[in-house]
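# Chain and residue survey
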Amino acid sequence: MADKIIVLNLGTTSFKCKLFDFARGERAIASCAVERVGAAAPSPWQFKASDARQDGLAPCRDHAAAFHLCIGLLQDHGLIRSLDDLDGAGFKTVHGGPISGAVPVDDAVLAVLDEYAAFAPAHNPMYAALMRQLRAKHPALSQVACFETAFHAGMPAYRATYGVPYAWMTKYGVRRYGFHGASHSYIAAKLRDLAPDARRVISLHLGGSSSLCAIKDGKSIATSMGATPQSGLFQNNRVGDFDLFCLPRLVAGEGSLDRVMDILASASGFLGLSGVSNDLRDVLQAADAGNNQAALAFAAFVDNCIGYIGMFTAYLQGLDAVVFTGGIGLNCAPLREKICQHLDYLGVAIDPKLTTGKISTTNSKIAVWCLETDEELMVARQTHNVLGN
Ligand SMILES: Nc1ncnc2c1ncn2[C@@H]1O[C@H](COP(=O)(O)OP(=O)(O)O)[C@@H](O)[C@H]1O
Ligand SMILES: CC(=O)OP(=O)(O)O
Ligand SMILES: [Mg+2]
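By the naming in an unreviewed UniProt entry, the protein is Acetate kinase, taken from Oligosphaera ethanolica. Checking UniProt for the protein, the heading Pathway (unreviewed entry) contains the comment "Metabolic intermediate biosynthesis; acetyl-CoA biosynthesis; acetyl-CoA from acetate: step 1/2." Quoted straight from UniProt, the Subunit (unreviewed entry) entry for the protein says "Homodimer."

### Some points on the site of ligand 2
What surrounds ligand 2 is the set Gly11, Thr12, Val94, Phe179, His180, Gly207, Gly208, Ser209 and Pro229. Class assignment for the residues of the shell around ligand 2 results in three nonpolar, six polar and no charged. Both of domain 1 (4–152) and domain 2 (195–370) provide at least three residues apiece to the shell around ligand 2.

### What to know about the pairing of strand β9 (residues 200–205)
With respect to burial, β9 is a largely interior element, five of its six residues being buried. Strand direction decides the pairing type here: β9 and strand β10 (residues 211–216), joined by six bridges, are antiparallel. Looking across to β10, one finds that Leu204 is bridged to Leu212. As judged from the five bridges shared by β9 and strand β12 (residues 321–325), these two strands associate in the parallel manner. Following the sheet pairing, Ser203 is matched in β12 by Val323.

### Some words on the UniProt feature "site: Transition state stabilizer" (unreviewed entry) in the protein
Taking the UniProt record as the reference, the feature "site: Transition state stabilizer" (unreviewed entry) is found at His180 and Arg238. On the secondary structure map, His180 appears in the loop between α4 (167–172) and α5 (181–194). Its 33 C-beta neighbours within 10 Å are what place His180 among the buried residues. Ignoring anything within four residues of it in the chain, the contact list for His180 reads Glu148, His205 and Ser211.

### Re the site of ligand 1
Lining the immediate surroundings of ligand 1 are 16 residues, of which Gly11, Ser14, Gly207, Gly208 and Gly327 lie closest. Of all the secondary structure elements, the ones that give two or more residues to the shell around ligand 1 are α9 (280–288) and α11 (326–331). Taken together, the residues of the shell around ligand 1 break down into three nonpolar, eleven polar and two charged. Counting contributing residues per domain, the shell around ligand 1 is built from domain 1 (4–152) and domain 2 (195–370), each supplying no fewer than three.

### Considering the confidence of the model for the protein
On average, the protein scores 97 in pLDDT, and the residues at 70 or more come to 100%. Among the prediction metrics, the complex's ipTM stands at 0.99, with pTM recorded as 0.98.

Cut-off values and rules
- Residues numbered from 1 in each chain as written.
- Chains lettered and ligands numbered in written order.
- Predicted model: local features only at pLDDT ≥ 70, side-chain atom pairs only at ≥ 80, totals over all residues.
- UniProt positions renumbered as here; feature names shortened; annotations may be inferred.
- Near = placed C-beta within 6 Å.
- Nonpolar A, V, L, I, M, F, W, Y, C, P; charged D, E, K, R; others polar.
- Domains from an automatic or database assignment.
- Buried ≥ 20, exposed ≤ 12 C-beta atoms within 10 Å, placed from the backbone.
- Helix = DSSP H or I, 4+ residues; strand = E, 2+ residues; numbered from the N terminus.
- Pairing = 2+ DSSP bridges.
- Contact = placed C-beta atoms within 7 Å.
- pLDDT = per-residue confidence, 0-100.

Take a look at the structure:
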């Protein structure tokens, strides 16, 4: 039996890892989360196990440093001696082009991560680097890549296409894939337990990267991210939806296409618009202190969410429930309030005193939930299955 599994979730602003022992059930036996990875200041981290909880600050300029910090904490607490003690490592991988779902990591998977790095520059390279590093140091550790695009694979073909030459779909893989599948599928399943009558659901996974998903009867029928996770809503430092015909003028002004692409992929989103930070907490603090650019960034993000909710309500032909999750969705009450105030036209009303679970009032026509996601559990289950259990 391959029961001891570590799950590695390399988020654009965070690093999360959970340790599972399926012989003892599906509950993670330990978790470690590092925030603000890549920031100049030390990153806050939190470690939890059944009998321990510890918080701290550590320099984590990249995901490799965050990974070492978490492995060190698991060792300090006596939960692992080495990664060689484990049966498998599951990765919450992002863009596998034609490969989706959970597959053992082999040369073909590493090659596809490299091939699609241009589509997911903030994600694929760091996953491929960690997989290669673990392969070299722990060759006996089975690695499984869980590509999140699988959850959206059933969306109608007409919703997954762009108005481009048809041949580009097969030649270059240009179509809507959608991401955050681990989170949206967890929310879909959780809501089926909590509210089985809610057949038409919009899940807002808002965090370092953000996407919305329209879920009908537990399945994704639409999502805001497209061919790449730079699309849909704008992200912490990445562009979101954008008018491509600005490019020639931008290239002329900034000097090269590489430079423009780099700015769109790392100095845009909340960071570029606000001029303050890629972290919404800092943006809101600046807005409260009177920074107009920061206030505009927040208002634009809220407005984007409202627009997608309207579009997805049309796709779903009505709406039974809205779920907020992800670092922003779960923790940012002002954002939930602004969005829900606007949804008054649908009969949405939330109780501002409520911050977790069902946050709508009893007379709200649509239920609104604020739920913690568990992407690592979804990846752990898939990894456990792939490893032959
Ligand atoms: N109280 C809060 N208000 C606004 N944003 C918050 C709050 N707490 C956390 N966040 C945001 O959540 C983000 C992290 O969310 P997470 O889903 O873990 O992202 P990722 O997986 O992309 O790294 C951070 O960028 C931070 O800005
Ligand atoms: C697309 C995705 O998974 O983004 P993030 O890792 O930032 O949550
Ligand atoms: Mg994430």
